[in-house]
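Given next are the chains, with one letter for each unit.
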Amino acid sequence: MKPLEGQTALVTGASSGIGAQIAIAMGAAGAQVGVNYPFDQGPADQVVSAITRAGGAAIALQADVSREDQVIQMFQTLIGMYGTVDILVSNAGIQKDAAFAEMTLAQWNAVLGVNLTGGFLCAREAVKEFLRRGVVPERSRAAGKIIFTSSVHEIIPWAGHANYATSKGGIMLLMKTIAQELAPQKIRVNSIGPGAIKTAINESVWSDPQGAASMCKLIPYGRIGETTDVAPVAVWLASDASDYVTGTTIFVDGGMLLYPGFRTGG
Ligand code: BGC
């Protein structure tokens, strides 16, 4: 039996990057998958096809996660289709980088809106449904599982990215606070903290040989990560194999958090 058989997972920001790979992995693990995308349906349809070609079930769901009305509508559509939702992967995230003195309020609000408010809105709707339904022992020992895609930047300050680092620091305490609040109701809440993973968000860095080399200096394990390094961790966190794990971040970063500068300095 597949670990997520009979469960429904919603993955936000699932039309590209880490979210797309997580959606595909959730489908392969037996879940029905809501593949959320922000604006352009084409890439989400490709993820849906990848899941269905492999024998799974999925639907594409449009919503800008920073918009309350759109998030509520997305959950209604998903629950209408599959009956409930068991797993939320709150993954949608953006960067709008600027030196601090030049950062506009629009850049600040856009990043906080998607990365942090989006996480709040999606988690709240998921939790309402988890509480309504309660535990269904045949499917899972938990009433629901939430996994945030955070970042090493929930810990590591990041010059030129104050909005992004702030959003990830916020996700860390959102995750821990709701994990604490909802554990008695058998809701598990955790984060994955990716390091430098090859996706569109950081393509301008890794696609340039010099950029890739300077990135690698920050990674003791000596390679830039792939989305396939991250996805199995999300499946594990969603499954009963991690039933006693809540309120924590699992970093998938090739050792980026190990202060690589101290290998030779200090
Ligand atoms: C960012 C990437 C960056 C990585 C490591 C991620 O959270 O989105 O742009 O390469 O952290 O710094």
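In short, a report on the structure. Remember, it's a predicted structure, so these values are computed and weren't measured experimentally.

### Observations concerning the pattern of salt bridges
Part 1 of the reasoning: Summed over the entire model, instances satisfying the criterion amount to 11 salt bridges.
Part 2 of the reasoning: One salt bridge in this structure joins glutamate 68 and arginine 124, with 2.8 Å as the shortest N-O distance. Here glutamate 68 is found in helix H3 (residues 68-82), whereas its partner arginine 124 is found in helix H4 (residues 105-133), with 56 residues between them in sequence.
Part 3 of the reasoning: Classification of arginine 124 as partly exposed rests on a relative accessible area of 27%.
Part 4 of the reasoning: Between aspartate 229 and arginine 223 there is a salt bridge; the shortest N-O distance is 2.8 Å.

### Some words on the sheet that holds strand S7 (residues 249-252)
Part 1 of the reasoning: Spatially, the seven strands line up as an open sheet ordered S3-S2-S1-S4-S5-S6-S7, and their pairing is parallel. Bordering the open sheet on either side are strand S3 (57-62) and S7, each of which pairs with just one other strand. Within the sheet, the average angular offset between the axes of one strand and its neighbour, ignoring direction, is 20 degrees.
Part 2 of the reasoning: Here strand S4 (residues 87-90) pairs with strand S5 (residues 144-149) via four bridges, running parallel. Across the sheet, the residue bridging to valine 89 is isoleucine 147, located in S5.
Part 3 of the reasoning: Taken strand by strand, H3 contacts strand S1 (8-11), strand S2 (32-37), S3 and S4, and its axis lies near 160 degrees from that of S3.

### Focus on the packing of aromatic side chains
Part 1 of the reasoning: Applying the stated criterion across every chain yields a total of two aromatic pairs.
Part 2 of the reasoning: Here tryptophan 158 and tyrosine 164 contribute two aromatic rings whose centre-to-centre distance is 5.7 Å and whose plane-to-plane angle is 70 degrees, an arrangement assigned as edge-to-face.
Part 3 of the reasoning: Tyrosine 164 sits in the buried class, given a relative accessible area of 9%.
Part 4 of the reasoning: On the basis of an interplanar angle of 85 degrees and a centroid distance of 6.3 Å, the ring pair of tyrosine 259 and phenylalanine 262 is categorised as edge-to-face.
Part 5 of the reasoning: We classify phenylalanine 262 as exposed; its relative accessible area is 59%.
Part 6 of the reasoning: The ring of tryptophan 206 is capped by lysine 198, whose NZ or CZ atom sits 5.8 Å from the centre of that ring.

### A look at the site of the ligand
Part 1 of the reasoning: Around the ligand lies a shell formed by Gln95, Ser151, His153, Trp158, Tyr164, Gly195, Ala196, Ile201, Asn202, Met215 and Met256.
Part 2 of the reasoning: In this structure, an oxygen atom belonging to the ligand sits 2.7 Å away from a side-chain N or O atom of serine 151.
Part 3 of the reasoning: Histidine 153 is positioned such that a nitrogen or oxygen atom in its side chain is 2.7 Å from an oxygen atom of the ligand.
Part 4 of the reasoning: Split by residue class, the shell around the ligand holds six nonpolar, five polar and no charged.

### A closer look at the nonpolar core
Part 1 of the reasoning: One finds Met26 and Val35 to be the most contacted residues of the largest nonpolar core, which totals 34 residues.
Part 2 of the reasoning: Where this core is concerned, the elements lending two or more residues are S1, helix H1 (17-28), S2, helix H2 (41-53), S4 and helix H8 (227-238).
Part 3 of the reasoning: The element that contributes the greatest number of residues to this core is H8, accounting for seven residues.
Part 4 of the reasoning: Residues in contact with valine 35, not counting those within four places in the same chain, are Val11, Ala14, Ala23, Ala44, Val47, Val48, Ile51, Ala58, Ile59, Ala60 and Leu61.
Part 5 of the reasoning: Phe75, Phe148, Leu174 and Val189 belong to the second largest nonpolar core, which has 31 residues in total.

### Side note on unusual backbone geometry
Glycine aside, negative phi is the norm for most residues, and most peptide bonds take the trans geometry.
Part 1 of the reasoning: Of note in the backbone geometry, lysine 186 takes a positive phi value of approximately 65 degrees without being a glycine.
Part 2 of the reasoning: Relative to the helices and strands, lysine 186 is located in the loop between helix H5 (162-182) and strand S6 (187-194).
Part 3 of the reasoning: One non-glycine residue, tyrosine 259, lies in the positive phi region at around 50 degrees.
Part 4 of the reasoning: By the secondary structure assignment, tyrosine 259 is in the segment after S7.
Part 5 of the reasoning: The class of tyrosine 259 is exposed, set by a relative accessible area of 60%.

### What about the side chain of arginine 188?
Part 1 of the reasoning: Assignment of secondary structure puts arginine 188 in strand S6.
Part 2 of the reasoning: The class for arginine 188 is buried, based on a relative accessible area of 4%.
Part 3 of the reasoning: A polar contact of 3.0 Å, which involves the side chain of arginine 188, links it to the backbone oxygen of serine 239.
Part 4 of the reasoning: For arginine 188, the contacting residues outside a window of four places in its chain are Ala142, Gly144, Lys145, Ile146, Leu237, Ala238, Ser239, Ser242, Asp243, Val245 and Thr246.

So, how was this worked out
- Residues numbered from 1 in each chain as written.
- Predicted model: local features only at pLDDT ≥ 70, side-chain atom pairs only at ≥ 80, totals over all residues.
- Heavy atoms only, no water.
- Salt bridge = Lys/Arg side-chain N within 4 Å of Asp/Glu carboxyl O.
- Helix = DSSP H or I, 4+ residues; strand = E, 2+ residues; numbered from the N terminus.
- Buried < 20%, exposed > 50% of the residue type's maximum accessible area, 1.4 Å probe, protein only.
- Pairing = 2+ DSSP bridges.
- Axes fitted to C-alpha atoms, helices over the stretch in contact; angles between N-to-C directions.
- Contact = heavy atoms within 4.5 Å.
- Phe/Tyr/Trp six-rings, centres within 6.5 Å; stacked < 30°, edge-to-face > 60°.
- Lys NZ or Arg CZ within 6 Å of the ring centre and 35° of its normal.
- Near = heavy atom within 4 Å.
- Polar contact = N/O pair within 3.5 Å; in protein donor to acceptor, adjacent residues only side chain to side chain.
- Nonpolar A, V, L, I, M, F, W, Y, C, P; charged D, E, K, R; others polar.
- Core = buried A, V, L, I, M, F, W, Y, C linked by side-chain atoms within 4.5 Å.

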